[in-house]
Amino acid sequence: MGEDVWLVSLSDKTSSGSRFECLADFASMSVCGKCQKPCNRQAKDNTSCAICKLLFHNSCVGISIKNSYIKNWTCGECIALRNKKSIARSCSVDASPNMGRGERVRKTSTPTPVSSACFVNNLSASASDVDEVSMSAIKELFSQTNARLTAGLQKLETDLGESINLCHSKIDEFMELLKAQKCLIEQQGKVIEEQHSQIVKLNKRVSELEVRTENQEQYSRANSLEIYGVPETKNEDPVRIVVEICRKLGVQINETAIDACHRLGKQTNRTSAGIIVKFVRRLDKESILTKKRVFRNLSTSQIGMKVDYPIFINQSLSPNRRILFAKAKELNRELKWKFLWVDKAGRIKMRKHEKASVQVISTPSDLDNLKKFIVNKESLKRQSDLSISGRGEDSTLVRDDSTPVNSVTPH
């Protein structure tokens, strides 16, 4: 490298303001400020910087052919230098008094050779200035970004805190509401329990009253009998028919012993309507029932009628007890028990065999309890039989001491 600046490379153009004077020498050499190859000022494939006046090949600075006539084009280095806050101390720039305010021109005098040591020092100073400016700009940008992020985070934290506080307040309100509702539910639960206990007591009381009423109604029929199988005739006298039946059974009564006597409503399962008779004395009714058990083949032909139909004499039951007796008959048939009857007081009784205890049926629940009791007893018996068959003769039998709860009264 010689003492002149003509051989100094321009590839590293990180510069300060001193490059305006030093690089002005290269403007007169008509070389590309980028690749340092010769550049013809009259050609159309180059562009001149409006500030430093250096020539650049269009291909070197990325200018297309369409944009080759751009006016006031500025190179990248000059744009960076223009944005600096101050001009490097080593630059030599003169302000002309004849130019407008803010305008400056470079010295256009003939280039003066400069020593290579001076030029290298200027370039080093320019690079140092650029580094300081770049670091300060980066620090300022970082501080601004940090401040924005800090402010955004603080705002986000504030908004999030307010939202969380609002949620907590709402949760507290809901908790208070839930507590109030829980107290109300507990109170309502107590009221419901009290009402339920009252309903149970009332139902029990109603059941007792129904049984009492039923017993009273049945007691009012204690002197009454119902006779079935006697066909109806025109202008018949039911009292005379009853007197004739009693005479045939061996019970001597007259019309004065009968309080009331008439036909019942015709039932679908019978050919003729029955006759209900109420005696003045209960002894007369009981005597007739006793004689009927002995004289079982009583028929209509025996009382002077042309037809021969069997005559049935039964206790007079109330409507509810008649329905209960029909259900008891079904259960007796299902359980295959041997005896079912109505005693002199109108009570329905059942017994499995002659030696078994008598079960009195007063309500439909008595039938249900009796059925459950028998089913459970048979189930336990089957289990014990299976246990005996599985373990041999030394197996211990399962004893059944269970009794029906709230059902029937054994006799």
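Residues numbered from 1 in each chain as written. Predicted model: local features only at pLDDT ≥ 70, side-chain atom pairs only at ≥ 80, totals over all residues. Heavy atoms only, no water.

### Focus on the pattern of salt bridges
- Throughout the structure, instances matching the rule amount to 11 salt bridges.
- The partner of E334 in a salt bridge is K371, and the shortest N-O contact between them spans 3.5 Å. Of this pair, E334 sits in helix 8 (residues 319-335) while K371 is found in helix 9 (residues 364-391), placing the two residues 37 residues apart along the sequence.
- Classification of E334 by relative accessible area gives partly exposed; the value is 48%.
- K349 is paired through a salt bridge with D343; the nearest N and O atoms lie 3.4 Å apart. No difference in accessibility class separates K349 from D343, as the two residues are buried. (Salt bridge = Lys/Arg side-chain N within 4 Å of Asp/Glu carboxyl O. Helix = DSSP H or I, 4+ residues; strand = E, 2+ residues; numbered from the N terminus. Buried < 20%, exposed > 50% of the residue type's maximum accessible area, 1.4 Å probe, protein only.)

### What about the nonpolar core?
- With 24 residues, the main nonpolar core has I227, V242, I245, F279 and I313 as its most contacted residues.
- Taken together, the elements giving at least two residues each to this core come down to strand 3 (224-228), helix 6 (238-249), strand 4 (258-263), strand 5 (275-279) and helix 7 (282-294).
- Considering every element that reaches this core, the biggest residue donor is helix 6, with 6 residues.
- When neighbours within four sequence positions are excluded, I227 is seen to be in contact with V242, I245, G274, I275, V277, I311, F312 and I313.
- Grouped together as the second largest cluster of nonpolar side chains are 15 residues, A328, W337, V342 and I361 included. (Core = buried A, V, L, I, M, F, W, Y, C linked by side-chain atoms within 4.5 Å. Contact = heavy atoms within 4.5 Å.)

### Digging into helix 6
- An ideal rise of 1.5 Å per residue puts 16 Å on 12 residues; helix 6 measures up with 17 Å between its terminal C-alpha atoms.
- Turning to helix 6, its buried residues are P238, V239, I241, V242, E244, I245, C246 and L249.
- Those residues of helix 6 that are buried are in contact with strand 3, strand 4, strand 5, helix 7 and strand 6 (312-315).
- Looking one or two places after helix 6, you find G250, whose phi comes out positive at around 95°. (Expected span 1.5 Å × (residues − 1).)

### Focus on the packing of aromatic side chains
- This model, assessed by the stated rule, comprises 1 aromatic pair.
- Seen in terms of ring centroids, F56 and W73 are 5.7 Å apart; in terms of plane orientation they differ by 70°. Their pairing is edge-to-face. With F56 in strand 2 (residues 55-57) and W73 in the loop between helix 3 (58-61) and helix 4 (76-82), this pair connects stretches of sequence that are 17 residues apart. Of the two residues examined, F56 and W73, each falls in the buried class.
- Taking NZ or CZ as reference, R351 lies 5.4 Å from the ring centre of F339, over its face. (Phe/Tyr/Trp six-rings, centres within 6.5 Å; stacked < 30°, edge-to-face > 60°. Lys NZ or Arg CZ within 6 Å of the ring centre and 35° of its normal.)

### Notes on the sheet that holds strand 5
- With respect to topology, 4 strands assemble into an open sheet ordered 4-5-3-6, the strand pairing being antiparallel. One side of each edge strand has no neighbouring strand; the edge strands of this open sheet are strand 4 and strand 6. Ignoring strand direction, the axes of neighbouring strands in this sheet form an average angle of 20°.
- Bridging between strand 3 and strand 5 involves 4 bridges; their strand directions are antiparallel. Bridge assignment links S224 to a residue of strand 5, and that residue is K278.
- Strands strand 3, strand 5 and strand 6 of the sheet are contacted by helix 7, whose axis makes an angle of about 135° with strand 6. (Pairing = 2+ DSSP bridges. Axes fitted to C-alpha atoms, helices over the stretch in contact; angles between N-to-C directions.)

### Concerning the environment of F295
- With respect to the helices, strands and loops of the structure, F295 is situated in the loop between helix 7 and strand 6.
- Spatially, the C-alpha atom of F295 lies 9.3 Å from that of K248, the residues being 47 residues apart in sequence.
- Excluding residues within four positions of it along the chain, F295 makes contact with K248, L249 and Q302.

### Focus: the confidence of the model for the protein
- For the protein, per-residue confidence averages 77 on the pLDDT scale, and 73% of positions sit at 70 or higher.
- Scored below 50 in pLDDT, residues 1-28 shows 76 contacts in the model against residues more than four places distant or in partner chains.
- Of the regions scoring below 50 in pLDDT, residues 393-411 engages in 29 contacts with residues more than four places distant in sequence or in other chains. (pLDDT = per-residue confidence, 0-100.)

### Quick word on a nonpolar patch on the surface
- Together, I171, M175 and L178 make up a nonpolar patch on the protein surface, roughly 280 Å² of accessible area in all.
- Note on placement: M175 falls in helix 5 (residues 116-219). (Patch = residues over 30% accessible without salt bridge, like charges linked within 9 Å, V, L, I, M, F, W, Y side chains within 5 Å. Areas by Shrake-Rupley, 256 points an atom, 1.4 Å probe, with all protein chains shown as cover.)

### Quick look at the side chain of S384
- Its location among the elements puts S384 in helix 9.
- Here the side chain of S384 touches K381 through a polar contact of 2.6 Å, landing on its backbone oxygen. (Polar contact = N/O pair within 3.5 Å; in protein donor to acceptor, adjacent residues only side chain to side chain.)

### Considerations on the environment of H353
- Relative to the helices and strands, H353 is located in the loop between strand 8 (348-351) and strand 9 (359-361).
- What makes H353 partly exposed here is its relative accessible area of 35%.
- A sequence separation of 14 residues divides H353 from F339, and the C-alpha atoms of the two residues are 6.8 Å apart.

### Details of the pairing of strand 3
- Summarising burial for strand 3: 5 of the 5 residues are buried, a large majority.
- Of the pairings in the sheet, the one linking strand 3 to strand 6 comprises 4 bridges and is antiparallel in character. If you follow L225 over to strand 6, its bridge partner there is Q315.

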